Amino acid sequence: MADLRIRAGATRSPQRGGGHSAALSLVTLLSALLTCGVRCAESDKPSNIILVLVDDQDVQIGGMTPMKKAKAYIGDEGATFVNSFTVTPLCCPSRSSILTGRYPHNHEVRNNSLNGNCSSLQWQKGPEAEAFPTYLNKLKYQTFFSGKYLNQYGSKAAGSVGHIPPGWDQWHALVGNSQYYNYTLSANGKEEKHGDSYEDDYLTDLILNRSLHFLDDRSPQHPFFLMLSPPACHSPWTAAPQYQKEFKDVQAPRDGSFNKPGKDKHWLLRQPPNPMPNSSITFLDNAYRKRWQTLLSVDDMVEKLVKKLDSIKELNNTYIFYTSDNGYHTGQFSLPIDKRQLYEFDIRIPLMVRGPGIKAKQAPVLNIDLAPTILDIAGVNLSSVNVDGQSFLAPSLRNGTARPYFLVEYTGEGQPTSDPTCPKLGPGVSQCFPDCVCEDAYNNTYACVRTLDSKMNMQYCEFADSESYVEVYNLTSDPHQLENIVKKVDPSILQIMNQRLIKLQSCVSDSCRDYNVLFLLRVKISAVFLSHTRLASLVSLLLFFKGATCKLSVMAFLYLSIKSLQ
C-alpha cells in the first residue's frame, strides 16, 4: 500500500524551452488577449476580487438552505459548482491549501495543532511567504483580511498578534479558533480585545462593517482584494439576537447514512453505539439548528456587500467567491458532530462564484484551485507560481485539464493520554463525547483517490494504521457510502488505485496536474470489473497501452503485476 507519510515539498518541475519562438510568441499573444477578454471586459482596471470563506459549512446535509440571499446574489448571478471538494476536511490544513493552492503534503500543515504545523514558524517562513496575497500585493492590489485565519494564529508560539502575514495592507485577524463574542483580534498587529455587546462585538457583523469602511477608504485607481472569514457556522454557534428563534422546528436530516452503523469501515467508525442514544440525537439536532441560525448573519453580509459594490459602481468588475473550508456531519454513521472524515459529507464544500467569464462546471473543482483562479483573474502568469491546483476561469483551463481524479489526505489528531470521557479507548484519541464516541485519533490518518468523471464515480482510501485498512466505494450505486466494496473489487483495480495514490501523494506543482497514463486507465477500469480473472484483466490493459508513449513504464508495471500472480 502507498506510503502515507507526509512528504516535504520539492522544487518545481523544469519548464520546456527551445525553438519555435514565433509560434510561441503568437500563442502567448493569443493567451494574453483571451485573458484580457475575460478580466478586462468591464474595465481597463484589473478586476477586483472578494473571497468569503465560511467555517464548517456543508452541502450534503442541507448546509446551504439558509443562504437564500447568497444564492441569489452570487450563485444565480454567476455559477454554482456542484462538485466542489476540499483536499483535506479540517480547518487549518484546508485554509492553508486555499492560501497556497497546494495539497497538504506540499504545504506541510497536517492538522489544527502547532505540532501539526498550523500557523507555525515553519509555515510562516515557507508556504505563507508564497501565499497568493503576496502576488496580489505586488500587483498593487489593495488587500484586506478580517476574521478567522488559522486556528493557532496569534498564539505566543506562533508569533503572537504582532505577526502580520505578508501581502496584507489591512489585517483584522481573530486570535485562535472561531468565536462570536469575547475574542481578541490582531488589528494591524495590535491586540484588540472584544466583549459581548452585539452592536460592537458580534464578529460576523464586525467583519462586514470593517470591510465596508475599507471600500469607502480605498484608492479608486487600484483594484482591491478582500478576504472575509466569519466564524459561522463553527461552534459555539452563537447566533445574532434577531435570529436565535429561527428554524425552531428544524432537525438534522434522517436520510442517507444518518444513524447507520459504520460496519466494514475503519475502527473509528465502528466504535460509536448504534442506534445512537436519544441524548446524542437531541444534542446534534440542537447543533444543526444553531448552525443555520449563525449563517443568517453571513447571508446578510453577502447582501450588504453586493449592494455596497453596486453603490460604488464596482459590482460589474468584481469577482465574488463564496466557499467553506470543509464539510460537516451531524449523525452520519452515528458520529454526533464534527468533520475530519473521508466521506462525502465532510469533503464536499459549497462553491459559488460571480464575475466575468465564470461558468459552472460538472468536473471536480478543489479548494487548491482557488489560489490559481484568483491569480489568473489578477493577470499573474501561472507558470511562474508553485501551485498544485489549476485555474477554473473560463474560457479554458489555462494551467491544466479537466481532472479525472484527485487526492484527499488527512493526518489524524490524538492525545498522548486517555480521554477522561472515554478511558476504555486508551490514549491516541481526541474529540470525544460523553457517551464515549471519539471523532478522531492518531491513526485516523488516510489518503484517498477520489475519481469523478463521466465514466466513473469512485473513492479508494488507505489508512496508515496497524490494519493497513482500505475502504472503496462505488458512489454511482452507493452515493451514501454505506458499503465498503474492497473485498468485492477485482484486485487489479485496487492495484491501479494504489498506483494513482502513490503518484498523487508525491506530486508537486505541475505533476499534480499531469494525469498522463493514469488518466487513460479510467477507460479500462470498468472493463476490468467484468474480467473473469486478474490475469485476463492485466493482459487487457497491456494490449490497450500497446501504442502509448509511455508503454515501457506501463509494461514494466504490468509485468511486475503478472509476476506477482505466479
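Since we're looking at a predicted model, the values are computed, not measured.

## Details of the overall build of the chain
Alright, step 1. Across its full length, the chain holds 16 helices and 19 strands.
Alright, step 2. When each of the 566 residues of the chain is scored for burial, the buried share is 59%.
Alright, step 3. Expressed as a percentage of contacts within the chain between residues at least 6 apart in sequence, the contacts between residues at least 24 apart total 72%.
Alright, step 4. On the chain, roughly 22,500 Å² of surface is accessible, and the fraction owed to carbon and sulfur atoms is 54%.

## Let's talk about the packing of helix H2 (residues 68-75) against helix H10 (residues 278-311)
Alright, step 1. Relative to each other, H2 and H10 sit at 35 degrees, their axes nearing to 7 Å. H10 is crossed by H2, and the crossing has left-handed handedness. Across the interface between the two elements, Lys68, Lys69, Ala70, Tyr73 and Ile74 of H2 pack against Asp299, Asp300, Val302, Glu303, Val306 and Lys307 of H10.
Alright, step 2. Considered class by class, the residues forming the contact of H2 with H10 number 5 nonpolar, no polar and 6 charged.

## Description of helix H8 (residues 203-217)
Since one α-helical turn is 3.6 residues long, residues separated by three or four positions face the same way.
Alright, step 1. The end-to-end C-alpha distance of H8 is 21 Å, a good match for the 21 Å that 15 residues give at a rise of 1.5 Å each.
Alright, step 2. If you check which residues of H8 are buried, you get Leu203, Thr204, Asp205, Leu206, Ile207, Leu208, Ser211, Leu212, Phe214 and Leu215.
Alright, step 3. As for H8, its buried residues are in contact with strand E4 (142-148), strand E5 (170-174), strand E6 (184-187), helix H7 (198-201), strand E8 (224-229) and H10.

## Observations regarding the sheet that holds E5
Alright, step 1. An order of E2-E12-E9-E1-E8-E4-E5-E6-E7 is seen for the 9 strands of this open sheet, with the pairing classed as mixed. Each having just a single partner strand, strand E2 (79-80) and strand E7 (190-193) make up the two edges of the open sheet.
Alright, step 2. Where strand E1 (residues 48-54) lies against strand E9 (residues 318-324), 7 bridges are found, and the strand directions are parallel. By the bridge assignment for E9, Ile50 is matched with Ile320.
Alright, step 3. In the packing of H8 onto the sheet, the strands contacted are E4, E5, E6, E7 and E8, and the crossing angle to E8 comes to about 170 degrees.

## Regarding the packing of H8 against H10
Alright, step 1. One can describe the packing of H8 onto H10 by two numbers: an axis separation of 10 Å at closest approach and a directional angle of 10 degrees. One element, H8, and the other, H10, form an angle in the roughly parallel class. For the pair H8 and H10, the contacting residues are Thr204, Asp205, Ile207, Leu208, Ser211, Leu212, Leu215 and Asp216 in the first and Ser297, Val298, Met301, Lys304, Leu305, Lys308 and Leu309 in the second.
Alright, step 2. Looking at the contact of H8 with H10 residue by residue, the classes come out as 8 nonpolar, 3 polar and 4 charged.

## Focus on H2
Alright, step 1. Those residues of H2 that sit buried are Ala70, Ile74 and Gly75. Around the axis of H2, the buried residues are gathered within 75 degrees of arc, so they sit on the same side.
Alright, step 2. Residues of H2 that are buried make contact with E2, H10, E9 and strand E12 (351-354).

## Some thoughts on the packing of aromatic side chains
Alright, step 1. Within the structure shown, the criterion is met by 27 aromatic pairs.
Alright, step 2. Centre to centre, the rings of Phe145 and Trp168 are 5.5 Å apart; their planes meet at 65 degrees, and the pair counts as edge-to-face. Here Trp168 lies in the loop between E4 and E5 and Phe145 lies in strand E4, a separation of 23 residues in the sequence.
Alright, step 3. Since its relative accessible area comes to 0%, Phe145 is described here as buried.
Alright, step 4. Accessibility expressed as a relative area gives 10% for Trp168, which makes it buried.
Alright, step 5. On the numbers, 5.1 Å between centres and 80 degrees between planes, the contact of Phe247 with Trp292 is edge-to-face. Of this pair, Phe247 sits in the loop between E8 and helix H9 (267-270) while Trp292 is found in helix H10, placing the two residues 45 residues apart along the sequence.
Alright, step 6. One aromatic cluster is present, built from ring pairs that chain together Phe132, Phe145, Tyr149, Tyr153, Trp168, Trp171 and Phe225.
Alright, step 7. Between the NZ or CZ atom of Lys138 and the centre of the ring of Tyr135, over which it lies, the distance is 5.8 Å.
Alright, step 8. A cation sits over an aromatic face here: Arg291 above Tyr328, 3.8 Å from the ring centre.

## Here we look at the pairing of E5
Alright, step 1. The element E5 is extensively covered by neighbouring structure, given that 4 of its 5 residues are classed as buried.
Alright, step 2. As defined by bridge partners, E4 adjoins E5 across 5 bridges and the pair is classed as parallel. Across the sheet, residue Phe144 finds its bridge partner in E5, namely Gln170.
Alright, step 3. By the bridge criterion, 3 bridges tie E5 to E6 in an arrangement that is antiparallel. Among the inter-strand pairings, Ala173 is bridged to a residue of E6, identified as Ser186.

## Re the pairing of strand E18 (residues 457-463)
Alright, step 1. The buried fraction of E18 amounts to 7 of the 7 residues, a majority that puts the element mostly inside the structure.
Alright, step 2. The alternating pattern of E18 places Asn457, Gln459, Cys461 and Phe463 on one face and Met458, Tyr460 and Glu462 on the opposite face, and all of these are buried.
Alright, step 3. The sheet contact formed by strand E17 (residues 446-452) and E18 spans 7 bridges and is antiparallel. Residue pairing in the sheet places Leu452 in a bridge with Asn457 of E18.
Alright, step 4. Counted between consecutive antiparallel strands, the loop separating E17 from E18 contains 4 residues.

## Let's talk about the pattern of salt bridges
Alright, step 1. On inspection of all chains with the given rule, the structure shows 23 salt bridges.
Alright, step 2. Notably, a salt bridge pairs Asp55 with Lys148, separated by 2.8 Å at the nearest N-O pair. With a gap of 93 residues between them, Asp55 in the loop between E1 and H2 and Lys148 in strand E4 connect regions that are remote in the sequence.
Alright, step 3. Taking relative accessible area as the criterion, Asp55 reaches 0% and is therefore assigned buried.
Alright, step 4. A residue is classified by how much of its surface remains accessible, and Lys148, at 1% relative accessible area, is buried.
Alright, step 5. The partner of Arg95 in a salt bridge is Asp325, and the shortest N-O contact between them spans 2.9 Å. With Arg95 in helix H3 (residues 91-100) and Asp325 in the loop between E9 and strand E10 (329-330), this residue pair connects regions lying 230 residues apart in the sequence. Each member of the pair, Arg95 as well as Asp325, is classed as buried.
Alright, step 6. Through salt bridges with shared partners, a single network forms among Asp55, Arg95, Lys148 and Asp325.

## Looking at the environment of Phe225
Alright, step 1. Position of Phe225 relative to the elements: it lies in strand E8.
Alright, step 2. Taking the C-alpha atoms as reference points, Phe225 and Gln142, 83 residues apart in sequence, are found 6.1 Å from one another.

## Description of the side chain of Glu108
Alright, step 1. Relative to the assigned elements, Glu108 resides in the loop between helix H4 (104-107) and helix H5 (121-125).
Alright, step 2. One polar contact links Glu108 to Gln122, side chain to side chain, over a distance of 3.2 Å.

Conventions we followed
- Residues numbered from 1 in each chain as written.
- Predicted model: local features only at pLDDT ≥ 70, side-chain atom pairs only at ≥ 80, totals over all residues.
- Heavy atoms only, no water.
- Helix = DSSP H or I, 4+ residues; strand = E, 2+ residues; numbered from the N terminus.
- Buried < 20%, exposed > 50% of the residue type's maximum accessible area, 1.4 Å probe, protein only.
- Contact = heavy atoms within 4.5 Å.
- Areas by Shrake-Rupley, 256 points an atom, 1.4 Å probe, with all protein chains shown as cover.
- Axes fitted to C-alpha atoms, helices over the stretch in contact; angles between N-to-C directions.
- Left-handed = near helix turned anticlockwise from the far one by under 90°.
- Nonpolar A, V, L, I, M, F, W, Y, C, P; charged D, E, K, R; others polar.
- Expected span 1.5 Å × (residues − 1).
- Pairing = 2+ DSSP bridges.
- Parallel < 35°, antiparallel > 145°, perpendicular 65-115°, else oblique.
- Arc of directions from axis to C-beta.
- Phe/Tyr/Trp six-rings, centres within 6.5 Å; stacked < 30°, edge-to-face > 60°.
- Lys NZ or Arg CZ within 6 Å of the ring centre and 35° of its normal.
- Salt bridge = Lys/Arg side-chain N within 4 Å of Asp/Glu carboxyl O.
- Polar contact = N/O pair within 3.5 Å; in protein donor to acceptor, adjacent residues only side chain to side chain.

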